[in-house]
Amino acid sequence: TQGVCYATGLSDGQKNVLCARILSDKELFCGRNGNNTGIVLCQDEKSVYAINSVLESFGLSSCIFPSRDYNFHNISASSHEWEYERLKALRRVISGEFDVVVATPDAAFGVLPPAEVIKEGLVLEIGKNIAVETVLETLIMYGYANCDTVEGAGQYSRRGDILDVFVPDFEIKRQKRAY
C-alpha cells in the first residue's frame, strides 16, 4: 500500500468519492496508528466542515479536530472551551470511535500529549474507595481550578467530605444491574 495519496485535476464530486472510498478501505490503514483511523487535512476550517459532512454522507464516522485558539490577551479571562473540544476529540480518536479525523494542518501538526497520557486519567467507580488527596492531585495535574462554587468546566471545589467537579466531557457509563 502507498500510504500518502496525491491526486490533481478532479472535480469536487470526484475528490469526495475518491476520498470516501480510500478512507473506507480498512486494509489501507491497517497498523498505521493502531486503531485504523484515517486523517484528512484541509486548507481551512470552512473546508474541514464541508468535507466532514461529505464523509458522513458516505457513511463514515468522522471527527473534526479543531484548531488551537491562540489568545494573546489576559489568559486568565479566556475560555478553555477549545481545549476541552480538542481533548474530547483526542480521547474519542484514541478509543477508535472514528473512521477518519478531519483537520487543518495547524490543528493536526501542533504539539499534542502522548496517547498514554490521554488514556490514563482517573477512573472513579461506584463502590470503590479512592483517597480524596489522590483525586485532588490528579485534578491539579490536569489544570483544574479550585473554586468556592463550581460554575463551569475545568473547575472543582472541596467542602469537607464533598468534592464537586465539573468534567468537560463527562459521560456516564451506566452498568446494568440484576435485581
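Summary of the structure given here.

The rules behind the values
- Residues numbered from 1 in each chain as written.
- Predicted model: local features only at pLDDT ≥ 70, side-chain atom pairs only at ≥ 80, totals over all residues.
- Heavy atoms only, no water.
- Axes fitted to C-alpha atoms, helices over the stretch in contact; angles between N-to-C directions.
- Helix = DSSP H or I, 4+ residues; strand = E, 2+ residues; numbered from the N terminus.
- Parallel < 35°, antiparallel > 145°, perpendicular 65-115°, else oblique.
- Left-handed = near helix turned anticlockwise from the far one by under 90°.
- Contact = heavy atoms within 4.5 Å.
- Nonpolar A, V, L, I, M, F, W, Y, C, P; charged D, E, K, R; others polar.
- Salt bridge = Lys/Arg side-chain N within 4 Å of Asp/Glu carboxyl O.
- Buried < 20%, exposed > 50% of the residue type's maximum accessible area, 1.4 Å probe, protein only.
- Pairing = 2+ DSSP bridges.

### Topic: the packing of helix 1 (residues 12-24) against helix 3 (residues 45-57)
Move 1: Relative orientation of the contacting elements helix 1 and helix 3 amounts to 60°, with a least axis distance of 10 Å. With respect to their mutual orientation, helix 1 and helix 3 come out oblique. Remark: the crossing between helix 1 and helix 3 carries right-handed chirality. Residues Asn16, Cys19, Ala20 and Leu23 of helix 1 touch helix 3, and the partners they reach there are Ile51, Val54 and Leu55.
Move 2: Class assignment of the residues belonging to the contact of helix 1 with helix 3 gives a composition of 6 nonpolar, 1 polar and no charged.

### Description of the pattern of salt bridges
Move 1: Per the counting criterion, the structure on display carries 2 salt bridges.
Move 2: With its nearest N and O atoms 3.4 Å apart, the salt bridge here joins Asp12 to Lys15. In this pair, Asp12 and Lys15 are both assigned in helix 1, 3 residues apart and thus about one turn of the helix distant.
Move 3: By relative accessible area, Asp12 is classed as exposed at 55%.
Move 4: In this structure, Arg158 engages Glu133 in a salt bridge whose closest nitrogen and oxygen atoms are separated by 3.9 Å. In this pair, Arg158 sits in strand 5 (residues 155-159) while Glu133 sits in helix 7 (residues 132-141), placing the two residues 25 residues apart along the sequence.

### Section: the sheet that holds strand 1 (residues 38-41)
Move 1: Here 3 strands make up an open sheet; going across it, the order is 1-3-2 and the pairing parallel. Looking along the sheet, the strands with just one partner apiece sit at the ends: strand 1 and strand 2 (62-64). Here the strands of the sheet are splayed against their neighbours by 25° on average, with no regard to which way each runs.
Move 2: Where strand 2 meets strand 3 (residues 100-103), 3 bridges bridge the pair, whose relative direction is parallel. Within strand 3, the position partnered with Ser62 by the bridge is Val100.
Move 3: Packing against the sheet, helix 3 makes contact with strand 1, strand 2 and strand 3, and its axis sits at approximately 165° to strand 2.

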